[in-house]
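What the coordinates show
Spelled out, the chains give:
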Amino acid sequence: MLSTPSILSLARLLAVVSSVHAIRWIPRQETGDPAPFDWKTVTPNTDLKTLVPCYDAFQCGTLTVPLDYSRTDGPNATIAVTILPATDKANYKGSILINPGGPGGSGTQAVLGLGPLLAPLVGPGYDIVGFDPRGTGESLPSAKCFDAAEWRIFEQNEIFPMESREAVAHALAHDEVIAAKCAEKLLGTGKGSTVEEVGGGRFMDTGSVANDMLSIVHALGQEKLNYLGVSYGTILGQHFAAMHPDKVGLMVIDGVADAVLWRSAKLTTEMQNSDNVFDAFVNLCTKTGKSVCPIAEKNAEKTLARVHRILAAVKAQPIPIVPHANGFHVATYEELRAFVRTQMYFPLAGFPEIAAVLAAAETRNITALHDFAADSPDTGLPGWFSGDQALQAISCVDFPDLSSTTLDEAWSFVRNTSNYSWSFGSIMARVKTECIPWKIRPQNPYTGSFGAEKLSGKLLVASNVYDPITPLADARAVVKRFPAGESALLVQNSIGHCVALNMGQCAAEVFGKFFQTGELPKSGTICQPDELPFVGNVTVGIEPNFHL
């Protein structure tokens, strides 16, 4: 059984690595201190039998796979893999692959922190395997379309949020530059004998990555995939289960985005519970009062009004911070909005942070804001710490061709999504609009259905009641596409992105039993959390009368 401190550590670490590519300014040093290891010393192989010791207790390798699975005589991609070996060899159960989300999250990064925390949950008989999907981290082809120095300069021109037609036009021009730079590196011609000639960007779609996961499993000498995917990792998991239902072992997808909606770029409904999470912040802050939440007022309406006054004041007059962790900094309205959004992913730790930062912004307390939005340079850091364009490279080839979208249509979409959700509307709009100028189309996208009549293993689908970016409705839709008895839905009566990011003991026991025995919970099982933000320990979750 995983202890409560371990559960909280797991949740907070997952929260950082799963949101790092969705929230561009998140401090890179929060993701962990990169241990000294040079991936250039690893020789690519067609199997993973020869691994190199790395990061103290881990093993690293790079697997050579076909760039184009329909053309096995063509050029290759190389997939970086980091493994935390099982400690109970006598009761060895195989491997569990993990994907921390994104798209663009690095599994070789995530496993360094997650592996030691997952091992007590899933049992000591598993190898825990992190890999970098195509375009990400240390895998090749890479979606680094800029060198580190020019990207650091260019990303300062980011327009966010898009609150006017002119801002949308500026954002599209900004994204046109990214699209042009990536086309130079990744477009190719679709023909040839090298990755550069063919165009590596044509093969960064999620279906190709699902095939890579099967290649990793086979290279490890195993037949079926055991898997834990959160956030975007659930889309990858749905691809795998649909494409290779006879290769499914034990799979968990947690914080579920519906792959049907993703492939259609229908992102608006993904935010259907976003403002519920923000409302929970306001209500719990108000309920516990100023002694716990410094911006609390007598009722929720007044607390909400205070939040908006603080944001409006910073919008009208940004806050110069000198000294700052980076020397100097100007805290802006856009950054505060992004900060609030980020903390909504993991409310147990995040809600108190929102309250503290807003209180500091209200009084313009530069001492309290010393570390706000602190960042570290990309220079000299491993691949998974460096800025890349993996988010666009993956999502834009998964989405339909959006190149015919006009400025007026883009502005209309931005307005509609922003009206749909105050908290997440603008960021979800940007995930789609940044693909309008994208010039690369996938060579062999997966066009089949998402579901299966039969699985060779079992699928556990998990969701919180209120998730800011992957709603419970998506989890319900996805589980229905797989056979009853081979799949089940677990709901945690809590708030935040993914059950694992806000995991209570009940959910931890369900996850653990699933990987240790293969036992699914009764579909529709509801777990209560151990605690709620600001409130502390509870016996009933965010919705006292919630039922499926």
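Please refer to the structure higher up on the page.
Structural notes, computed from the coordinates. (Residues numbered from 1 in each chain as written. Predicted model: local features only at pLDDT ≥ 70, side-chain atom pairs only at ≥ 80, totals over all residues. Heavy atoms only, no water.)

1. Overview of the overall build of the protein
Helix and strand counts for the protein stand at 17 helices and 14 strands. Relative to its length of 548 residues, the protein is compact, with a C-alpha radius of gyration of 22 Å against a globular reference of 24 Å. With the principal axes as the frame, the protein shows a C-alpha extent of 65 × 50 × 45 Å. Taking all 548 residues of the protein together, 61% fall into the buried category. Restricting to contacts in the protein with at least 6 residues of sequence separation, those with at least 24 account for 75%. When the accessible surface of the protein is summed, it comes to about 20,600 Å², and 53% of that surface belongs to carbon and sulfur atoms. If the 42 positive side-chain charges of the protein are averaged to one point and the 55 negative ones to another, these points end up 4 Å apart. (Helix = DSSP H or I, 4+ residues; strand = E, 2+ residues; numbered from the N terminus. Rg over C-alpha atoms; globule rule 2.2 N^0.38 Å. Buried < 20%, exposed > 50% of the residue type's maximum accessible area, 1.4 Å probe, protein only. Contact = heavy atoms within 4.5 Å. Areas by Shrake-Rupley, 256 points an atom, 1.4 Å probe, with all protein chains shown as cover. Lys, Arg positive; Asp, Glu negative; His and termini not counted. Charge placed at Lys NZ, Arg CZ, Asp CG, Glu CD.)

2. Side note on the pattern of salt bridges
Think of it this way: side chains of opposite charge can pair up when their charged atoms draw near. One pass over the full model with this rule turns up 13 salt bridges. One salt bridge connects Glu-163 with Arg-337, and the closest N-O pair in it is separated by 3.7 Å. One end of the pair, Glu-163, is in the loop between helix H3 (148–154) and helix H4 (165–186); the other, Arg-337, is in helix H11 (residues 333–343), with 174 residues separating them in the sequence. The closest approach of N and O atoms between Asp-258 and Arg-481, which form a salt bridge, is 2.8 Å. A residue pair is termed long-range when its members are at least 10 positions apart, and Asp-258 in the loop between strand S7 (248–254) and helix H8 (259–263) and Arg-481 in the loop between helix H16 (472–479) and strand S11 (487–495) qualify at 223 residues. One network of salt bridges, in which partners are shared, links Glu-163, Lys-315 and Arg-337. (Salt bridge = Lys/Arg side-chain N within 4 Å of Asp/Glu carboxyl O.)

3. Re the pairing of strand S2 (residues 58–66)
For S2, the buried fraction is high: seven of the nine residues fall into the buried class. Bridge analysis of strand S1 (residues 52–54) against S2 gives three bridges, and the strand direction is antiparallel. Each bridged residue has a counterpart across the sheet, and for Val-52 the counterpart in S2 is Cys-60. Connecting S1 to the next strand, S2, in antiparallel fashion are three residues, including Tyr-55 with a positive phi near 45°. (Pairing = 2+ DSSP bridges.)

4. Some thoughts on helix H17 (residues 505–517)
Between its first and last C-alpha atoms H17 spans 18 Å; for 13 residues at 1.5 Å apiece the expected length is 18 Å, and the two agree. Buried residues of H17: Gln-505, Ala-507, Ala-508, Val-510, Phe-511, Gly-512, Phe-514 and Phe-515, and no others. A positive backbone phi angle near 80° is found at Gly-518, which sits one or two residues after H17. (Expected span 1.5 Å × (residues − 1).)

5. Focus on the environment of Pro-36
Considering the arrangement of structural elements, one finds Pro-36 in the loop between helix H1 (4–19) and S1. Of the residues examined, Pro-36 reaches a relative accessible area of 80% and is grouped as exposed. Through-space distance from the C-alpha of Pro-36 to that of Tyr-333 is 37 Å; in sequence the pair is 297 residues apart.

The analysis is restricted to geometry; functional conclusions fall outside its scope.
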